[in-house]
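If you want the building blocks of each chain, they are given just below.
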Amino acid sequence: LYHRSVSLFDILIARQALEFIGTSAAFLVVWGTLYTAGIVSGIARPDLLLIGWGMMGWLSFGVGAIVAALTERSETAERFIQPIQYVILPICGAFFMVDWLPSWGQHVVLFNPMVHCYEVFRAGFFGDTVTTHYDIAYFAPWALGLLFVGVIAVQRVRAWVQLS
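Presented here is an overview of the structure given in this document. (Residues numbered from 1 in each chain as written. Predicted model: local features only at pLDDT ≥ 70, side-chain atom pairs only at ≥ 80, totals over all residues. Heavy atoms only, no water.)

### Side note on the side chain of serine 24
Here is step 1: If you trace the backbone, serine 24 turns up in helix 1 (residues 8–36).
Here is step 2: Engagement of the side chain of serine 24 in a polar contact is seen with the backbone oxygen of phenylalanine 20, the distance being 2.8 Å. (Helix = DSSP H or I, 4+ residues; strand = E, 2+ residues; numbered from the N terminus. Polar contact = N/O pair within 3.5 Å; in protein donor to acceptor, adjacent residues only side chain to side chain.)

Following this line, the structure appears as structure tokens:
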């Protein structure tokens, strides 16, 4: 941060881009290996798969910016991040499909914007062989709002950043 052209936000973008690229590469290696071995079929709808993947990256960037700002300002916040991740993991949609739930459960889990990301990804990967439930119009304001809050939080925390 000694150079004027490098900002805290630039570092955050680079970090998030590195995570996104690394995760994407891991997915491609695993899927490519399984596809070559004949264990999985091809991707049914690449457009929806990429939209779902991009949605998860967009949501992750907003939440990541908020977490980065909170943990910079408070050591107590650092201690709560991992327990919050453990609580969110079972309800994020990675381990269940919305269609498996009763109708009242579907309505409840669809309040979580992460579920929409996984459902769009599944719709792209499996196509019409599975029933998916998602609403991009519900997801987009959530992701945009979280990104907005994250960018503002990162800008405000800049004064407290200390390099060691």
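Now, onward.
### Digging into the nonpolar core
Here is step 1: Core analysis: the largest hydrophobic core is formed by nine residues, namely Leu48, Met55, Met56, Leu59, Cys117, Val120, Ala123, Phe139 and Ala143.
Here is step 2: For this core, the leading source of residues is helix 2 (residues 46–73), giving four residues. (Core = buried A, V, L, I, M, F, W, Y, C linked by side-chain atoms within 4.5 Å. Buried < 20%, exposed > 50% of the residue type's maximum accessible area, 1.4 Å probe, protein only.)

### What about the state of the cysteines?
Here is step 1: Inspection of every chain in the model, using the stated rule, returns zero disulfides.
Here is step 2: A disulfide-free cysteine, cysteine 92 has its sulfur positioned 9.7 Å from the sulfur of cysteine 117, the nearest such atom.
Here is step 3: Judged by relative accessible area, cysteine 117 falls into the buried class, the value being 1%. (Disulfide = S-S within 2.5 Å.)

### Notes on the pattern of salt bridges
Here is step 1: Applying the stated criterion across every chain, the model contains three salt bridges.
Here is step 2: Between glutamate 19 and arginine 15 there is a salt bridge, with the nearest N and O atoms lying 3.7 Å from each other. In this pair, glutamate 19 and arginine 15 are both assigned in helix 1, four residues apart and thus about one turn of the helix distant.
Here is step 3: Judged by its relative accessible area of 41%, glutamate 19 falls in the partly exposed class.
Here is step 4: Arginine 15 sits in the exposed class, given a relative accessible area of 53%.
Here is step 5: Of the charged contacts in the structure, one is a salt bridge between arginine 45 and aspartate 47, with a shortest N-O distance of 2.9 Å.
Here is step 6: Judged by its relative accessible area of 38%, arginine 45 falls in the partly exposed class. (Salt bridge = Lys/Arg side-chain N within 4 Å of Asp/Glu carboxyl O.)

### Quick notes on the packing of helix 2 against helix 3 (residues 75–88)
Here is step 1: Between helix 2 and helix 3, the shortest axis-to-axis distance is 5 Å and the interhelical angle comes to 135 degrees. By the angle between their directions, the pair helix 2 and helix 3 is classed as oblique. Of helix 3, the residues touching helix 2 (which contributes Val67, Leu70, Thr71 and Arg73) are Glu75, Ala77, Glu78 and Ile81.
Here is step 2: Here the residues of the contact of helix 2 with helix 3 sort into four nonpolar, one polar and three charged. (Axes fitted to C-alpha atoms, helices over the stretch in contact; angles between N-to-C directions. Parallel < 35°, antiparallel > 145°, perpendicular 65-115°, else oblique. Contact = heavy atoms within 4.5 Å. Nonpolar A, V, L, I, M, F, W, Y, C, P; charged D, E, K, R; others polar.)

### Section: a nonpolar patch on the surface
Here is step 1: On the surface, a cluster of nonpolar side chains totalling about 360 Å² of accessible area is made up of Phe80, Ile84, Ile88 and Ile91.
Here is step 2: Tracing the sequence through the fold places phenylalanine 80 in helix 3. (Patch = residues over 30% accessible without salt bridge, like charges linked within 9 Å, V, L, I, M, F, W, Y side chains within 5 Å. Areas by Shrake-Rupley, 256 points an atom, 1.4 Å probe, with all protein chains shown as cover.)

These values are about where atoms sit, not about what they do.
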